[in-house]
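Per-entry structural report
This is what each chain is made of:
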Amino acid sequence: MTKVFVDGREVEADPRDNLIEAARRIGVAIPYFCYHPRLSIAGQCRMCLVETSDAPGRLVPGCQVRVKEGMKVVTSSPAVRDNQRGCMEFHLINHPVDCAICDQSGECKLQDYYMEFDHQPSRIRTSKLNKPKREIFGPLVVYDAERCIMCTRCVRFMDEIAQEPQLAVVDRGSHSLISTFPGQPLDSKYSGNTVDICPVGALLNRDFRFQSRVWFVEKSPAVCTGCANGCNVYLESRGNLIYRLLPRRNEEVNQVWMCDEGRLTHHETNEKRVEQGDLARAIELLRPIAGKPGIGISLSAQCTNEEAAAAFDFGARIGAEKYFFTARLDGDGDDFLIRQDKNPNRRGVELAARAAGVTLHDSVEGIKALVAFRTDGLLLEKPLEVFIAIAQNQGIEGQVTLPCQSVYEQDGSVINYYGRLQRTWPGVPAERGESAPAWSWAERILAGLGIAGAPRSAAAAFDLLGLPGLKLEAIPEEGVVLEQLLPAQWPKRAPRPAGAAR
Ligand code: SF4
Ligand code: SF4
Ligand code: FES
């Protein structure tokens, strides 16, 4: 470690730390716009300038200068404050100050720093420059050049992380703009991250724009259900609607990024839901056949571990003959985050099947009655005598369809493609009709048939997985790696557990 002094306080810093990170270790926030810990240093905004004992009499960029043994750093001298005020004034010269209609309002660094470091009326008496507004960059991203402070974070993200250079700085001086290449859209599968890292309201998410003020939504942790990577995310919800998904840091799963497809997975929670179900009718249909031959259970790779474990338990108690595995079809994948398997819990369903000692079949045949635990990818070639579906969205409906909660709405867990067991939480404040986790419908059907003993909570269903020493409530927020499931091969750039084979 390297010892430095920030505002007179001793700091044990990593020798690779720049001054911003060293100061952060003792809670001192050096303001910055263009610095991002994951991107190359641009030294573009000059907001981070501080004084150091190495360069007396001049200011140095805290993002660019690294710590040095014994270095003294001053973050709030009159000269530093003066620069911060000046920087803000320059950044705001042509800024339209249209916070009242800007989606970034409430989470904007320009707003926050104006209040903290500038807080003076504009001295500009000339007209502001007019620049392009509402320029559609691509399917997910819209650009407002007047709000842009030219920090180049978005350009660097596309070059360095997405590795698809689709943005550039064009024109000069105060006429500079961010632009896509002529005739080319910003259509990278990771384009939404540019919106997250844009410190101001210049890049906005077209799916979220004008839907809600950011201070009206509640933020809760979740795991993306868009593919088998299981990116850690935050849900932002109000009532029974999810408004947007944002990446949540997990170095071993998604670092601080997510893909665009994942960002849109909340629409399935919001739209075309099954909301009501007739439990009594489901029980009535099953009563004459319970314990008799010909019953099948299907479950999809969209089930949580608890729903899968409960499905096998349900099958055992009702005397099911066959079990069927359904899943969404594979899609595009890459060597970073996006997996071809578009199901969040294939590994979990397989693990639950092994724990139950059950063989999974791929196509639904040779049965008279079926109880489906989620219906994704379910194909029925001919009508069955009895078909009860526990389903989240409209589409495949049974004689009785019972409304299933989305993974974003329930307590439980899923396992990603490399065997990371991760927790899910109820992240939507208001209930959606009669919807409930599939394990809860299983328990209620069995109770109606007079069969007791089925799991009555997510924690009890989790225990059926037979994972020694693990309890649902004890799964840490960042998840647990089930070593026995780790793959031999890894996608080239994919984040992976510390110590896993490179
Ligand atoms: S669009 Fe945003 S991220 Fe890109 S340069 Fe402008 S302010 Fe920075
Ligand atoms: S890579 Fe997969 S898990 Fe991650 S955000 Fe995209 S769809 Fe979701
Ligand atoms: S953060 Fe250092 S110059 Fe922008």
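Residues numbered from 1 in each chain as written. Chains lettered and ligands numbered in written order. Predicted model: local features only at pLDDT ≥ 70, side-chain atom pairs only at ≥ 80, totals over all residues. Heavy atoms only, no water.

Structural notes on the overall build of the chain
Which entries qualify depends on this criterion: Segments assigned H or I by DSSP are reported as helices when at least four residues long, segments assigned E as strands when at least two residues long, and all are numbered from the N terminus. Three exposure classes are used, based on accessible area relative to the maximum for each residue type with a 1.4 Å probe and protein chains only: buried under 20%, partly exposed in between, and exposed over 50%. By definition in these notes, contact holds between two residues if any of their heavy atoms fall within 4.5 Å. Surface accessibility follows the Shrake-Rupley procedure with a 1.4 Å probe radius. Residue values consider only the protein chains on display as shielding.
Scanning the chain from terminus to terminus reveals 12 helices and 22 strands. Dimensions along the principal axes, computed over C-alpha positions, put the chain at roughly 90 × 50 × 35 Å. Within the span of the chain, comprising 502 residues, buried residues form 56% of the whole. Taking all contacts inside the chain whose residues are at least 6 apart in sequence as the whole, residues at least 24 apart take part in 65%. For the chain, the accessible area works out to roughly 22000 Å², and carbon and sulfur atoms hold 51% of it.

Re the domain arrangement of the chain
Operational definition: How far each domain reaches was decided by an automatic or database domain assignment.
Looking at the assigned domains, one finds that the chain contains domain 1 (2-92), domain 2 (99-113 + 126-210) and domain 3 (279-485). A C-alpha centroid distance of 42 Å is found between domain 2 and domain 3.

Concerning the sheet that holds strand E20 (residues 412-415)
So the rule is basically this: Strand pairing follows a simple DSSP-based rule, namely that at least 2 bridges must link the two strands.
Overall, antiparallel pairing links the three strands, which are arranged E20-E21-E22 in an open sheet. At either end of the open sheet lies a strand with only one pairing partner, and these are E20 and strand E22 (480-481).

Observations concerning the site of ligand 2
Our working rule: Only a single heavy atom is needed: when it lies within 4 Å of a molecule or strand, its residue is near that molecule or strand. Amino acids outside the nonpolar list (Ala, Val, Leu, Ile, Met, Phe, Trp, Tyr, Cys, Pro) and the charged list (Asp, Glu, Lys, Arg) are all regarded as polar, and Gly is one of them.
Surveying the vicinity of ligand 2 reveals the residues Cys224, Gly226, Cys227, Asn229, Gly230, Cys231, Met258, Cys259, Gly262, Leu337 and Ile338. Along the lines of polarity and charge, the residues of the shell around ligand 2 split into seven nonpolar, four polar and no charged.

Side note on the packing of aromatic side chains
The following threshold applies: Stacked, edge-to-face and tilted are the three classes for Phe, Tyr and Trp ring pairs, Trp counted by its six-membered ring, which pair at centre distances within 6.5 Å; planes under 30 degrees apart are stacked, over 60 edge-to-face, the rest tilted.
For the structure on display, the rule yields 12 aromatic pairs. Where Tyr113 meets Phe117, the ring centres are 5.5 Å apart and the plane angle is 70°; that geometry is what we call edge-to-face. Linking Tyr113 with Phe117, this pair stays in helix H3 (residues 109-118), spanning four residues, or about one helical turn. Among the residues examined, Tyr113 registers a relative accessible area of 11% and is labelled buried. Summarising the aromatic geometry, the rings of Phe157 and Trp257 are spaced 4.8 Å apart at their centres and angled 55° between planes, so their arrangement reads as tilted. With Phe157 in helix H4 (residues 153-161) and Trp257 in the loop between strand E13 (241-247) and helix H6 (260-263), this residue pair connects regions lying 100 residues apart in the sequence. The burial state of Phe157 is the same as that of Trp257; both residues are buried. Following the ring pairs from residue to residue traces out a cluster consisting of Phe33, Tyr113 and Phe117.

Focus: the site of ligand 1
By nearness alone, 14 residues border ligand 1, and Cys148, Cys151, Thr152, Cys154 and Cys198 come closest of all. Of the residues contributing to the shell around ligand 1, the split by class is 12 nonpolar, one polar and one charged.

With respect to the environment of Ile367
As for its position among the elements, Ile367 is in the loop between strand E16 (360-361) and strand E17 (369-373). Judged by its relative accessible area of 11%, Ile367 falls in the buried class. Considered as a pair, Ile367 and Ile295 are 72 residues apart in the sequence and their alpha carbons are 5.8 Å apart. Discounting chain neighbours no more than four positions away, the residues touching Ile367 are Gly294, Ile295, Gly296, Lys322, Phe324 and Leu384.

Remarks on helix H11 (residues 438-448)
The buried count for H11 comes to eight of 11 residues, which makes it a mostly enclosed element. What H11 keeps buried is the set Ala438, Trp439, Ser440, Trp441, Ala442, Glu443, Ile445 and Leu446. Where H11 is buried, its residues touch helix H8 (279-286), helix H9 (305-318), E17, strand E18 (386-391), strand E19 (400-403) and helix H12 (458-463). Gly450, located one to two residues past H11, shows a positive phi value of around 80°.

Focus: unusual backbone geometry
Positioned with a positive phi, His119 is a non-glycine residue whose angle comes to about 55°. Along the chain, His119 falls in the loop between H3 and strand E6 (135-136). When its relative accessible area of 51% is taken as the criterion, His119 is described as exposed. Here Phe210, not a glycine, exhibits a phi torsion of approximately 65°, which is positive. With respect to the helices, strands and loops of the structure, Phe210 is situated in the loop between strand E10 (203-205) and strand E11 (218-223). The exposure class assigned to Phe210 is exposed, which follows from its relative accessible area of 56%.

Things to note about the sheet that holds strand E7 (residues 141-143)
The sheet built from three strands is open, its strands ordered E6-E7-E10 with antiparallel pairing. The outermost strands of the open sheet, each flanked by one partner alone, are E6 and E10. Relative to E10, E7 runs antiparallel, the two sharing three bridges. Opposite Val141, over in E10, you have Asn205 as the bridge partner.

Brief notes about the pattern of salt bridges
The criterion, for reference: The rule for a salt bridge is simple: a side-chain nitrogen of Lys or Arg has to be within 4 Å of a carboxyl oxygen of Asp or Glu.
For the structure on display, the rule yields 33 salt bridges. Note that Glu409 and Arg273 form a salt bridge whose closest N and O atoms lie 2.9 Å from each other. Here Glu409, found in the loop between E19 and E20, pairs with Arg273, found in the loop between helix H7 (267-270) and H8; they are 136 residues apart in sequence, far enough to count as distant. What makes Glu409 buried here is its relative accessible area of 8%. Overall, Arg273 belongs to the buried group, its relative accessible area being 4%. The salt bridge partner of Arg423 is Asp411, with a shortest N-O separation of 2.5 Å.

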